[in-house]
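# A closer look at the structure
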Amino acid sequence: ETGVTQTPRHLVMGMTNKKSLKCEQHLGHNAMYWYKQSAKKPLELMFVYSLEERVENNSVPSRFSPECPNSSHLFLHLHTLQPEDSALYLCASSQDLWGAPNTEAFFGQGTRLTVV
Amino acid sequence: SQQGEEDPQALSIQEGENATMNCSYKTSINNLQWYRQNSGRGLVHLILIRSNEREKHSGRLRVTLDTSKKSSSLLITASRAADTASYFCATGTSGYSTLTFGKGTMLLVSP
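This text gives an overview of the structure that appears in the document. (Residues numbered from 1 in each chain as written. Chains lettered and ligands numbered in written order. Predicted model: local features only at pLDDT ≥ 70, side-chain atom pairs only at ≥ 80, totals over all residues. Heavy atoms only, no water.)

## Some thoughts on the sheet that holds strand E8 (residues 73-79) of chain A
Residue and element names in this part refer to chain A. The strand order E1-E3-E8-E7 describes an open sheet built from four strands, whose pairing is antiparallel. Each having just a single partner strand, strand E1 (4-7) and strand E7 (64-70) make up the two edges of the open sheet. The average undirected angle you get between the axes of adjacent strands in this sheet is 20 degrees. The sheet contact formed by E7 and E8 spans five bridges and is antiparallel. Residue pairing in the sheet places Ser 65 in a bridge with His 77 of E8. (Pairing = 2+ DSSP bridges. Helix = DSSP H or I, 4+ residues; strand = E, 2+ residues; numbered from the N terminus. Axes fitted to C-alpha atoms, helices over the stretch in contact; angles between N-to-C directions.)

Right, dumping it as structure tokens:
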């Protein structure tokens, strides 16, 4: 148990559906992240939030929409996804942004998303 | 661009043996971190080594860092079947807000 909780753990959705992934941390961390992990690929950073403000967006398609309503919660809203978006979506948090010298990341267990 | 790259991609050993994984990176770093991921689950932080450190220990883990060669190694001593997982290195770079991961080394420890 890392202190970062993701729900749901598994999600199957059709290409026309709208769904949301939720991430929650009560570690008092200031930074939160969404990563995508596809088979045989490195983890891909999608979004970075620091103190509830988005600081980085790595050219992610607009069908993925993040939301950070407060420092403890992070959402990833999904709509009109494609089958190639099927992957493990990981949320992480850290005390400060990872450029800081001693900052480690705490990951949630991930949401296994399947788009059919 | 991908920063950390682990080597080998896969490693299969027997229980009790040592496992060594290597990581190479390309630019200057503030720190390098190793993570473990059990199949289909989240990553768990193992150890962090700062750029001014050369070696660090944590239980059965030993991490070395050679900034001149831009490389790091993770040694797991006296491996156990429970060590079976994928291991990732990740680098933290000053002024850059993200932690960049490699593709990982898949370690299989057989009883």
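## Let's talk about the state of the cysteines
Here the structure, examined in full by the defined rule, presents two disulfides over all chains. A sulfur-sulfur distance of 1.9 Å marks the disulfide that ties Cys 23 of chain A to Cys 91 of chain A. Its S-S torsion of approximately -70 degrees makes the covalent link between Cys 23 of chain A and Cys 91 of chain A left-handed. One end of the pair, Cys 23 of chain A, is in strand E3 (residues 18-25); the other, Cys 91 of chain A, is in strand E9 (residues 87-94), with 68 residues separating them in the sequence. In this pair, the class of Cys 23 of chain A matches that of Cys 91 of chain A, namely buried. Each sulfur in the disulfide pair Cys 23 of chain B and Cys 89 of chain B lies 2.0 Å from the other. The S-S bond linking Cys 23 of chain B to Cys 89 of chain B shows a torsion near 65 degrees; that makes this disulfide right-handed. Of this pair, Cys 23 of chain B sits in strand E3 (residues 19-24) while Cys 89 of chain B sits in strand E9 (residues 85-92), placing them 66 residues apart in sequence. (Disulfide = S-S within 2.5 Å. Buried < 20%, exposed > 50% of the residue type's maximum accessible area, 1.4 Å probe, protein only.)

## Points about the pairing of E1 of chain A
All names here are of chain A. The side-chain alternation of E1 yields one buried face, formed by Val 4 and Gln 6, and one unburied face, formed by Thr 5 and Thr 7. Inspection of the sheet shows E1 paired to E3 by four bridges, in the antiparallel sense. Paired with Thr 7 across the strands is Lys 22, a residue of E3.

## What about the packing of aromatic side chains?
Two aromatic rings are characterised by how far apart their centres lie and by the angle between their planes. Evaluated as defined, the whole model comprises six aromatic pairs over all chains. A ring pair is formed by Tyr 35 of chain A and Phe 107 of chain A, whose centres lie 6.0 Å apart and whose planes are at 45 degrees; its orientation type is tilted. Remark: Phe 107 of chain A occurs in strand E10 (residues 106-107) and Tyr 35 of chain A occurs in strand E4 (residues 31-37); sequence separation between them is 72 residues. Its relative accessible area of 0% is what places Tyr 35 of chain A among the buried residues. Ring geometry for Phe 107 of chain A and Tyr 35 of chain B: centres 5.8 Å apart, planes at 80 degrees, overall edge-to-face. Linking Phe 107 of chain A in strand E10 with Tyr 35 of chain B in strand E4 (residues 31-37), this pair reaches from one chain into another. (Phe/Tyr/Trp six-rings, centres within 6.5 Å; stacked < 30°, edge-to-face > 60°.)

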